[in-house]
Amino acid sequence: MPSRAEIEKVVLTGGAGYIGSHVAVALLEAGRDVLIVDNFCNSHPEAVVRIGELAPGNLELLERDLADPAHKDDIVKAVCDFGAQGAVHLAGLKAVGESVAEPARYYRNNLGATLTLIEALNAAAAKTIVFSSSATVYGERNKNPVTEAGATGPTNPYGRTKLFIEDILKDVAAANSAWRAVNLRYFNPVGAHASGRIGEDPGDIPNNLFPFIAQVAVGRRDKLRVFGDDYPTRDGTGVRDYIHVSDLAHGHLSALDWLAARQKGGAIDVNLGTGVGYSVLEAVAAFKRASNRDIPYEIAPRRTGDIAEIYADAGLAKKLFGWRAEKTLDDMCADHWRWQRMNPDGYRG
Ligand code: NAD
Ligand code: UDP
């Protein structure tokens, strides 16, 4: 049985963000104390207010830049004073195109933030970490469903920061057996908390499919551009493994509990996906059903760097953590739509 008591105090970096806010709610609902470290570079303080409303509990916020050397001492002290026993590390920049344009900024931010967190956890003797990696670390030629043994080969600087951080955590764990780490390779997180109070709030034009569809459904954009209909898939459009963000959030709790119960140190990679792939047109049809709105679209050229199809082998998370995704594509669309409808302009509304 996981010894819950061992990791009661959790540092949550990036906790104000899309996924982080859902992880915060899951941790607080499970009775954990949470210290969010976030600089709001891609999120809004209102998210933290709403986390507190959804899941009353012991929630603290430290507004600092994890990658700024000038903030390091403050962060180390706060993590120690909090009495941290482990961390869930989600702080990072995540826009693929931006990472191609500004690689150095991405390496500084994503790697720098991780190194500061490692230092803080060392100082607090809290050498347990769950890291938000991504399916983007996989290369293009893997057979579906992709297992954790699949070949890696990210095609952009963002993806490479994820793979480097996985390797950093493996090196740290190899050097000191007190370190325990799980690199969670997320597939495509979508949806929102069922309350409609927290969700994804892309400040700019969304890069990802679901927020774009949602903005078309709510009338903020004219139409969706479907990037390619000539892939070797069942309807020619790209296939991905969409996973409800609340299922994903619970995956972090399961990973943390598994680490707490684990005697052995080390770092391990684990997929978080549903194991099922849906095409772009299937996602559009499901969102249309959920929202009862028209979703006009046009077929556009393929997007550079896209692959035809990828979905997870989700067996390892089930075997190790006893976790699996519960929610359907219809649940994802219904919850994503509720969030979009209730907050048409996101947290700024
Ligand atoms: P998000 O941008 O909503 O959340 C990231 C949070 O980290 C934001 O609140 C941001 O302000 C904070 N942050 C970034 N750099 C920071 C720094 N230097 N110091 C302090 N705070 C900082 O993104 P998200 O979608 O919630 O993603 C969370 C994590 O999961 C990211 O690391 C992302 O790369 C990873 N991930 C996301 C997806 C996805 O599709 N959303 C898929 C795979 C992996
Ligand atoms: N996609 C699309 N139009 C968009 C955004 C995405 O057709 O405006 C497609 C994209 O080509 C891919 C799928 O939707 O096949 C999921 O894209 P997303 O960017 O959400 O995830 P990723 O490609 O990073 O897995």
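As a reminder, the structure under discussion sits directly above these lines.
Summarised in this report is the structure supplied together with it. (Residues numbered from 1 in each chain as written. Chains lettered and ligands numbered in written order. Predicted model: local features only at pLDDT ≥ 70, side-chain atom pairs only at ≥ 80, totals over all residues. Heavy atoms only, no water.)

## A word on the sheet that holds strand 3 (residues 59-63)
Put simply, the rule is: Here, any two strands with at least 2 DSSP bridges between them count as paired. Labels follow the DSSP assignment, with helices taken as runs of H or I lasting at least four residues and strands as runs of E lasting at least two, numbered in each case from the N terminus. Think of each axis as a best-fit line through the C-alpha atoms, taken over the contacting stretch in the case of a helix, with angles from 0 to 180 degrees between the N-to-C directions. Pairs of residues are marked as contacts when any of their non-hydrogen atoms sit within 4.5 Å.
Taking strand neighbours across the sheet as the criterion, the 7 strands line up as 3-2-1-4-5-6-11 in an open arrangement whose pairing is parallel. Strands at the two margins of the open sheet, each flanked by one partner only, are strand 3 and strand 11 (266-272). On average, adjacent strands in this sheet sit at an angle of 20° to one another, irrespective of strand direction. As defined by bridge partners, strand 6 (residues 180-186) adjoins strand 11 across 7 bridges and the pair is classed as parallel. Bridge assignment links Asn183 to a residue of strand 11, and that residue is Asp269. Packed on one face of the sheet, helix 5 (residues 103-123) meets strand 1 (9-13), strand 4 (86-89) and strand 5 (128-134) and runs near 170° to strand 4.

## Considerations on the side chain of Thr237
Note the cut-off: Under the rule applied, a polar contact is a pair of N or O atoms within 3.5 Å (in protein, one hydrogen donor and one hydrogen acceptor; residues adjacent in sequence only if both atoms are side-chain atoms).
By secondary structure assignment, the location of Thr237 is in the loop between strand 8 (224-227) and strand 9 (239-240). Looking at Thr237, its side chain comes within polar contact range of the main-chain nitrogen of Val280, at 3.2 Å. Only 3.5 Å separates the side chain of Thr237 from the backbone nitrogen of Leu281, close enough to count as a polar contact. Setting aside anything within four residues of it in sequence, one finds Thr237 in contact with Val226, Gly228, Asp229, Tyr231, Ser279, Val280 and Leu281.

## With respect to the site of ligand 1
Selection rule: The cutoff for a nearby residue is simple: one of its non-hydrogen atoms must lie within 4 Å of the molecule or strand. To be clear on the numbers: accessible area is Shrake-Rupley with a 1.4 Å probe, and residue cover counts the displayed protein chains and nothing else. Gly falls in the polar group here, along with every residue not listed as nonpolar (Ala, Val, Leu, Ile, Met, Phe, Trp, Tyr, Cys, Pro) or charged (Asp, Glu, Lys, Arg).
As a matter of local geometry, ligand 1 sits amid 27 residues, with Ile19, Asp38, Asn42, Ser43 and Tyr158 nearest to it. Between an oxygen atom of ligand 1 and a main-chain N or O atom of Cys41, the distance comes to 3.0 Å. In isolation ligand 1 has 820 Å² of accessible area, and contact with the protein removes 95% of it. Of all elements in the fold, only helix 1 (18-29), strand 5 and helix 6 (157-175) reach the threshold of two or more residues within the shell around ligand 1. When residues of the shell around ligand 1 are assigned to their parent elements, the largest contribution, 3 residues, is made by strand 5. Residue composition of the shell around ligand 1, grouped by class: 12 nonpolar, 10 polar and 5 charged.

## Points about the pattern of salt bridges
To keep it simple, the criterion reads: Only one rule defines a salt bridge in this text: a Lys or Arg side-chain nitrogen within 4 Å of an Asp or Glu carboxyl oxygen. In this scheme, a residue with accessible area under 20% of its type's maximum is buried, one over 50% is exposed, and one in between is partly exposed, where area comes from a 1.4 Å probe on protein chains only.
Summed over all chains, the structure comprises 23 salt bridges. Arg185 is paired through a salt bridge with Glu166; the nearest N and O atoms lie 2.8 Å apart. Pair noted here: Arg185 is in strand 6 and Glu166 is in helix 6, with a separation of 19 residues, a long-range link. For Arg185, a relative accessible area of 2% translates into the label buried. We note a salt bridge from Lys223 to Glu298, for which the minimum N-O separation is 3.6 Å. Taken together, the residues Lys223 in the loop between helix 7 (209-217) and strand 8 and Glu298 in strand 13 (residues 297-300) connect sequence positions 75 residues apart. For Lys223, a relative accessible area of 37% translates into the label partly exposed.

## Observations concerning unusual backbone geometry
Backbone torsion omega between Asn144 and Pro145 reads -5°, so that peptide bond is classified as cis. Tracing the chain through its elements places Pro145 in the loop between strand 5 and helix 6. A positive phi angle, close to 60°, is found at Phe40, a residue other than glycine. Structurally, the position occupied by Phe40 is in the loop between strand 2 (33-38) and helix 2 (45-54). The residue Asn292 is not glycine, and still its phi comes out positive at about 60°. Considering the arrangement of structural elements, one finds Asn292 in the loop between helix 9 (280-291) and strand 13. Its relative accessible area of 71% is what places Asn292 among the exposed residues.

## Things to note about the site of ligand 2
The environment of ligand 2 is formed by 14 residues, the closest being Arg225, Phe227, Arg240, Arg303 and Asp306. The contact in question runs from an oxygen atom of ligand 2 to an N or O atom on the backbone of Leu209, over 2.9 Å. For ligand 2, an oxygen atom lies 2.8 Å from a polar atom in the backbone of Phe227. Considering every element that reaches the shell around ligand 2, the biggest residue donor is strand 8, with 4 residues. Tallied by class, residues from the shell around ligand 2 come to 6 nonpolar, 4 polar and 4 charged.

## Focus: the packing of aromatic side chains
Basically, it comes down to this: Aromatic rings from Phe, Tyr and Trp, with only the six-membered ring used for Trp, were paired whenever their centres fell within 6.5 Å, and each pair was classed as stacked if the ring planes differed by under 30 degrees, edge-to-face if by over 60, and tilted otherwise.
Applying the stated rule across the entire model yields 7 aromatic pairs. Aromatic pair Tyr107 and Phe164: ring centres 6.0 Å apart, planes at 35°, arrangement tilted. A residue pair is termed long-range when its members are at least 10 positions apart, and Tyr107 in helix 5 and Phe164 in helix 6 qualify at 57 residues. Measuring from centroid to centroid gives 5.1 Å for Phe210 and Tyr242, while their planes differ by 45°, and the two rings are tilted. Here Tyr242 lies in strand 10 (residues 242-244) and Phe210 lies in helix 7, a separation of 32 residues in the sequence. Exposure remark for Phe210: the relative accessible area of 1% places this residue in the buried category. Through pairs of rings, three or more aromatic residues link up here, namely Phe210, Tyr242, Phe287 and Trp337.

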